[in-house]
Amino acid sequence: MSDSNDLLADLTDDQRAAVTHGEGPLLILAGAGSGKTRVITRRVAHLLRSGVRASNILAITFTNKAASEMKNRVEKLAPGNRVWVSTFHSLGARLLRQYAERLGFDRNFTIYDVDDRNKLVKDALEASGMDNVKFSPERVGGAISKAKNQLLTPPQYERTATDFFQQVVGKVYHGYEKRLRKANAMDFDDLLYLPAMALKTNEELRAELDARFKYVLIDEYQDTNSAQYQIVKQLSLNYPNLCVVGDPDQSIYKWRGSDIKIILDFERDFPDSRTITLAQNYRSTKSIIHAASVLIDHNKQRKKKDLVTDNPQGDPVRVITFDNGLDEAEGVVLRIKEAVKSGKFKYRDHAIFMRINALTRSLESAFVKHGVKFQIVKGLAFFERKENRDVLAYLRLLANPQDTVSFLRVVNEPGRGIGKVSLDKLQGFAADQEIGLLAAAGQVAKITEIRGKAVSGLRDFHRMMSDLRARLDLPPHDLVRLVLEKSGYEAMLRDSTDEDDAERLANVGELVTAAKQFWDEDNTRTITDFLEQITLASDVDGWDEQADHVSVMTLHASKGLEFPVVYVLAVEEGLLPHERSMGRDDEIEEERRLCFVGMTRAMKELYMCHARMREFRGQLNYCIPSGFLQELPRGGVEFIDPSMARNAARTAADEWRLKASSAAKDWADTGARPFIPPRKPNPELKPTIPDAPDTGLAVGVLVQHEEFGLGNVTDVSGYGALRRVKIRFPAHGEKVFAGDKIRLKVVGRKKA
DNA sequence: CCGGAAAGGGTTTTT
DNA sequence: CCCTTTCCGG
């Protein structure tokens, strides 16, 4: 049972110290690629081998995929030990179900995602009579989410509300909570908020769980929010054997309530803690580490920290300039194809990252066009399709008859002649009687205001759901099949003439397969478990890392992963950094960290791409290279512009240009000229520095106007005479300029 | 009172 | 460009 060589032999001194650290708080500051996952896993195995019982260990990871990987690795290192590894949200859900009675909840609660939440918020907003103020449910819901993350109750929030928006949110927060509880539902934030509150107010429960989880390990601690921190803290009072691992430079979820201060204050929060820094990088080449380090060093609110590696220098980081977004997608796919053809890499060695999901579209067609296998890593996408959401809503309503959102989603899908007016009446009746909507449907005969088809529709719906509910103990996949049959959903799709419905039919069939697989893995799991797993799945949970394909994902999803070759797309002002972060120092710094995270995923080759123009929601816009590109070191970075190497070959850009010039003829009387994309006249293939921002107006550009003075470009659309430029002047507000003869001068990029 | 067609509005990142 | 809301015919 003593330390075996296999756990420690291949570790550095620092890593070994982290693995073998005994009792007491431990902070591991682990730079990118420093082997932190390995350290946590080994530490868990080491604890087990030193006699700690598996049931006394709790490990928190950022995704369910990471959790199951860690579980498996630990079991290999210390066979027979089943350690509790999960995400914060899964932990919360499990605790709430386990202690449901003690905490006064029904353990069959439904977990509402953001869409469900917004529907409920909308209802609460309308009921509060404040819906005429034009605050969107999304915005109000976001504010409520933030409040819960800070553990503010509705009365507390109302007390601290200062402006009008917050007052409205405070009102709606009350109503929203009431509706949630009535629906026997928890939103994502509840899964943290309620356990955190329970631990704070219920000392008996707190002490019990603290003693149960004597050893707590947390990965990605830099992205912990207040509610999560409270949970951690309350579980580490009597047994402060808390080990947290993180890297402040990789904190990218501030917008979701994460607070970088939590990791920075660890040493103060947990007295007698030990801190171990892992600065050695084992993942990337020197070129990549150097470029990423120089970039992140531009963050002012940062404790300076050096990342070092003994790896070879490697190829320079390459910045590639494309004419437009289509060229970029195609160019990257072709480069990957070439690298595979030459035998240098496999498809699965490649990953493509981007700031926003919308950019995957053009990539998708480029992949299809060139026959390159790829996976867009977005785990929930399949379950988010309308038809699957519908079927899942039936299941949710079966598992939890109080679930109002699901009831309203499926009660008339397929059509049963139940319209909005009838449903309003039904909701009124349910509220009066203080019963759920499904129960109210069962008493539709008593609701005299509802007439006609709606009466039989509601009655039949209720009867059908009652019959199904009697079969709730069926294995999940059998229940899905039964729902498809009895609800008429399958028949609706099968009998449809709409071509798309054939695909939808196949999709809901896939849902049966998914449920079957879920049950095959562990046949003690129920439909509620199935639904929970789907709702709490993260994007990377659906990622197949074994298959030989190119992986495409957002920068956020890339956290914690590594690939031999990485392409980061659209490194442009407005996208990375995203325009919504413009003008706020701390948010620009988070965007820079996001860029840093993407870069440090690369092991051997790193490509940062940008385009001169890009189509965005049907509009073609100028793009200026991201300021981040200009922050990269001059040495070790190579600038490539394929358009200069090209002679007569026609590209997508040329085709677009032809279209643009013929379109421009129609505006000849307005004085418009065909748009010619900026081109460097450099005939040689010498590396060049990306275009300076004086090539055109773009979002984020600082301009000088003759009359209004200095201003910041907030929007650009169209070109030639149809161009519209929106500029915000500090003294004059926002103004829109039309055409291309505006009397202003580009001064530079807006500096924070 | 219901369901389909047309117009209008809004778009980061995710558990 | 896509989804939601609104409007109108049956």
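Residues numbered from 1 in each chain as written. Chains lettered and ligands numbered in written order. Predicted model: local features only at pLDDT ≥ 70, side-chain atom pairs only at ≥ 80, totals over all residues. Heavy atoms only, no water.

As annotated in an unreviewed UniProt entry, chain A carries the name DNA 3'-5' helicase and comes from Gemmata massiliana. The record in UniProt for chain A states the following under Sequence similarities (unreviewed entry): "Belongs to the helicase family. UvrD subfamily." (UniProt positions renumbered as here; feature names shortened; annotations may be inferred.)

Here the focus is the nonpolar core. Across soluble globular proteins, you tend to see nonpolar side chains buried next to one another. Of all hydrophobic cores here, the largest spans 62 residues; its most connected members are V140, I218 and Y221. If one sorts the elements of this core by residue count, helix α11 (residues 190-201) sits on top with eight residues. Here this core spans two domains, since at least three of its residues come from each of domain 1 (13-101 + 196-280) and domain 2 (110-183). Once you skip the residues sitting within four places of it in the chain, I218 turns out to touch I60, F88, V232, L242, C243, V244 and V245. Residues Y394, M464, V480 and Y489 belong to the second largest nonpolar core, which totals 46 residues. (Core = buried A, V, L, I, M, F, W, Y, C linked by side-chain atoms within 4.5 Å. Buried < 20%, exposed > 50% of the residue type's maximum accessible area, 1.4 Å probe, protein only. Helix = DSSP H or I, 4+ residues; strand = E, 2+ residues; numbered from the N terminus. Domains from an automatic or database assignment. Contact = heavy atoms within 4.5 Å.)

For the rest of this paragraph, the subject is the pairing of strand β11 (residues 317-324). Of all the eight residues making up β11, eight are buried; the element is thus mostly covered by neighbouring parts of the structure. In this sheet, strand β18 (residues 637-640) lies alongside β11 in parallel orientation, the contact comprising four bridges. Note that in β18 the partner of R318 across the bridge is E638. Of the strand pairs in this sheet, β11 and strand β16 (residues 602-616) are connected by six bridges, and their pairing is parallel. Looking across to β16, one finds that I320 is bridged to C609. (Pairing = 2+ DSSP bridges.)

Turning our eyes to something else, we now look at the state of the cysteines. Tallied over the entire structure, the rule returns zero disulfides. Looking at C623, it has no disulfide partner, and the nearest cysteine sulfur is the one in C609, 13 Å off. (Disulfide = S-S within 2.5 Å.)

Attention shifts here to the protein's contact with DNA strand B. The full set close to DNA strand B counts 26 residues, and R355, S422, S538, R580 and R617 are the nearest of them. For DNA strand B, the fraction of atoms within 4 Å of the protein that belong to sugar or phosphate moieties is 53%. Within the side chain of H89, an N or O atom sits 3.0 Å from a base oxygen of DNA strand B. The element contributing the most residues to the surface near DNA strand B is helix α22 (residues 420-433), with four residues. Of the residues in the surface near DNA strand B, the class split is nine nonpolar, 10 polar and seven charged. (Near = heavy atom within 4 Å. Polar contact = N/O pair within 3.5 Å; in protein donor to acceptor, adjacent residues only side chain to side chain. Nonpolar A, V, L, I, M, F, W, Y, C, P; charged D, E, K, R; others polar.)

Relative to the elements of secondary structure, K303 occurs in the loop between α16 (286-296) and β10 (308-309). Overall, the relative accessible area of 64% leaves K303 in the exposed class. Placed 54 residues apart in sequence, K303 and D249 show a C-alpha to C-alpha distance of 9.0 Å.

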